[in-house]
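Architecture at a glance
This is what each chain is made of:
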Amino acid sequence: MTSPIIEVRDLGYAYPAMEPHEEAPWVLDGVDLEVERGEFLSVMGPTGAGKTTLCLALVGIVPQSTGGFIRGEVRVSGLDTKTEPVSSLAGRVGLVFQDPETQLFNMNVEAEIAFGLESKGVAPEEIAERIEWAARSVGVESLLGRSPFELSGGQKQRVAIAAMLAMTPEVLVLDEPTTSLDPRGRQEVFATVRDLRRQRGMTIMMVEQDAECIAEFSDRVALLAEGSVRRVGPPPEIFSRPGELVEMGVRVPQVTEVAMALNRRHGSAHRFVRLEEAVRSLARELEASQAAAGP
Ligand SMILES: Nc1ncnc2c1ncn2[C@@H]1O[C@H](COP(=O)(O)OP(=O)(O)O)[C@@H](O)[C@H]1O
Ligand SMILES: [Mg+2]
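Structure report, in brief. What you see is a predicted model, and the numbers here were worked out from it, not measured in a lab.

Pairing between side chains becomes possible if they bear opposite charge and their charged atoms approach one another. A full pass over the atoms with the stated rule returns 23 salt bridges. Close ionic contact of E132 with R136 constitutes a salt bridge, the shortest N to O distance being 3.3 Å. Remark: R136 and E132 occur in helix α5 (residues 124-138); sequence separation between them is four residues, near one turn of the helix. Linking E150 and R146 is a salt bridge whose minimum nitrogen-to-oxygen distance equals 2.8 Å. Looking at R146, the relative accessible area reads 32%, which means it is partly exposed.

The next subject is the sheet that holds strand β1 (residues 6-14). Across the sheet, four strands lie side by side as β2-β1-β4-β5; this open sheet has antiparallel pairing. Looking at the sheet topology across the chains shown, the edges are occupied by β2 (28-35) and β5 (79-80). As judged from the two bridges shared by strand β4 (residues 69-76) and β5, these two strands associate in the antiparallel manner. Across the sheet, residue V76 finds its bridge partner in β5, namely L79. Its contacts with the sheet place helix α1 (residues 51-58) against β1, β2 and β4, and it is angled at close to 120 degrees to β1.

Right, let's get into the environment of L286. Summarising the element assignment, L286 is placed in helix α12 (residues 275-293). A relative accessible area of 52% means that L286 is categorised as exposed. Separated by 40 residues in sequence, L286 and V246 have C-alpha atoms that sit 30 Å apart.

This brings us to the pairing of strand β8 (residues 203-207). In terms of residue burial, β8 counts as a mostly covered element, since five of its five residues are buried. Between the parallel pair strand β7 (residues 171-175) and β8, the chain is carried across by helix α7 (residues 183-200), and the sense of this crossover is right-handed.

Both β1 and β4 contribute to a ladder of seven bridges, which runs antiparallel. Bridge pairing in β4 links I6 to V76. In sequence, β4 turns back onto β5 through a hairpin of two residues, with S77 there showing a positive phi of about 55 degrees.

What follows concerns the packing of aromatic side chains. The description of an aromatic ring pair uses the distance of the two centres, along with the angle that the planes make with each other. According to the stated counting rule, one finds four aromatic pairs in the structure shown. Centre to centre, the rings of Y13 and Y15 are 4.9 Å apart; their planes meet at 80 degrees, and the pair counts as edge-to-face. Given the relative accessible area of 29%, Y15 is considered partly exposed. Members of the aromatic cluster, joined through ring pairs, are F40, F190 and F217. Its end group placed over the ring of W26, R71 keeps NZ or CZ at 4.9 Å from the ring centre.

Taken together, Y15, V27, P46, T47, G48, A49, G50, K51, T52 and T53 make up the full set of residues near ligand 1. Between ligand 1 and G50, the relevant distance is 3.0 Å, taken from an oxygen atom to a main-chain nitrogen or oxygen of the residue. Between ligand 1 and T53 there is a distance of 2.5 Å, counted from an oxygen atom to a side-chain nitrogen or oxygen. The protein chains hide 57% of the 560 Å² of surface that ligand 1 would expose on its own. Classifying every residue of the shell around ligand 1 by side-chain character gives four nonpolar, five polar and one charged.

So, on to α1. Within α1, seven of the eight residues are buried, which leaves it mostly tucked inside the rest of the structure. Of the residues making up α1, those classed as buried are K51, T53, L54, C55, L56, A57 and L58. Trailing α1 by a residue or two, G60 shows a phi angle of about 85 degrees, which is positive.

Before going further, it helps to examine the sheet that holds β8. Strand pairing in a sheet takes place through backbone hydrogen bonds and is either antiparallel or parallel in direction. Spatial strand order, β6-β7-β8-β3-β9-β10: six strands in an open sheet with mixed pairing. Each having just a single partner strand, β6 (93-96) and β10 (228-233) make up the two edges of the open sheet. Each strand of the sheet is rotated relative to its neighbour by a mean of 20 degrees, with strand direction disregarded. For β7 and β8, the ladder comprises five bridges, and the chain directions are parallel. Its bridge partner lying in β8, L172 is registered against I204. Its contacts with the sheet put α7 on β3 (40-44), β7 and β8, and the angle it makes with β8 is roughly 155 degrees.

The rules behind these values
Residues numbered from 1 in each chain as written. Chains lettered and ligands numbered in written order. Predicted model: local features only at pLDDT ≥ 70, side-chain atom pairs only at ≥ 80, totals over all residues. Heavy atoms only, no water. Salt bridge = Lys/Arg side-chain N within 4 Å of Asp/Glu carboxyl O. Helix = DSSP H or I, 4+ residues; strand = E, 2+ residues; numbered from the N terminus. Buried < 20%, exposed > 50% of the residue type's maximum accessible area, 1.4 Å probe, protein only. Pairing = 2+ DSSP bridges. Contact = heavy atoms within 4.5 Å. Axes fitted to C-alpha atoms, helices over the stretch in contact; angles between N-to-C directions. Right-handed = clockwise from strand over helix to strand, strands pointing away. Phe/Tyr/Trp six-rings, centres within 6.5 Å; stacked < 30°, edge-to-face > 60°. Lys NZ or Arg CZ within 6 Å of the ring centre and 35° of its normal. Near = heavy atom within 4 Å. Polar contact = N/O pair within 3.5 Å; in protein donor to acceptor, adjacent residues only side chain to side chain. Areas by Shrake-Rupley, 256 points an atom, 1.4 Å probe, with all protein chains shown as cover. Nonpolar A, V, L, I, M, F, W, Y, C, P; charged D, E, K, R; others polar.

Next comes the structure, spelled out in structure tokens:
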């Protein structure tokens, strides 16, 4: 058996206290999580749950740049992110942030994608090849000469993803990558991430609140609340207990709300989380009831 590509064991983390005599709270407090190679894991949870902090811990920014206190273990591709230099981790795991504006700062898209490679000292011919490959992977090959600032939100976020891909990481971590985008931009980014997973077998961990998208794409969902993983499982298992999710302030797919309402009213046992499953399931039930009613 191969070991999981992401291994988080009893991770606790506290940012540095504001005042020397103060005690900083654990914002992560006993996180356990494993992600298999090639898996698509979504992370949901209320604001302040520690989702962003967990993402930062996977790329070593927490605690290497932030300081503070850390306990437990975080390994990505077997590397300890507490001690492995952030620059060397960048070749294994890339992090895409919520707001594409904060990630783009170069003259044009090509320079943006090249940036990490140049600072790593990759040979110019290889940089050119990787730019082309990364740009093609996210569909921004026609934008290479453009300034990042004149792009749409979805395009910017795809450029940010390309800049990560160019480093050829094994794991892509995305922290609410569509929150600041319009519906079209969201669609573009979701489709891009889905294709990376399908066509390149990349391991994806995505923090996201869009329940429909999560139900559609993820293998498993982890629910994070108050600094620890409360539950983790496939979307139907996670979304079939919506009461708890609503309490946490996490939305479930609309079709799952429909399923729950039907179950309450008719004593049925629908468990669909995707639109096409709902259509299939309801059509079957309708046909059965029509057949029972006779001609
Ligand atoms: N740089 C920081 N210094 C101190 N506290 C922080 C810092 N960043 C986040 N926090 C606190 O850590 C907790 C978790 O934050 P965060 O990881 O951003 O949660 P989420 O992404 O789930 O909303 C929050 O209480 C937040 O106020
Ligand atoms: Mg966050």
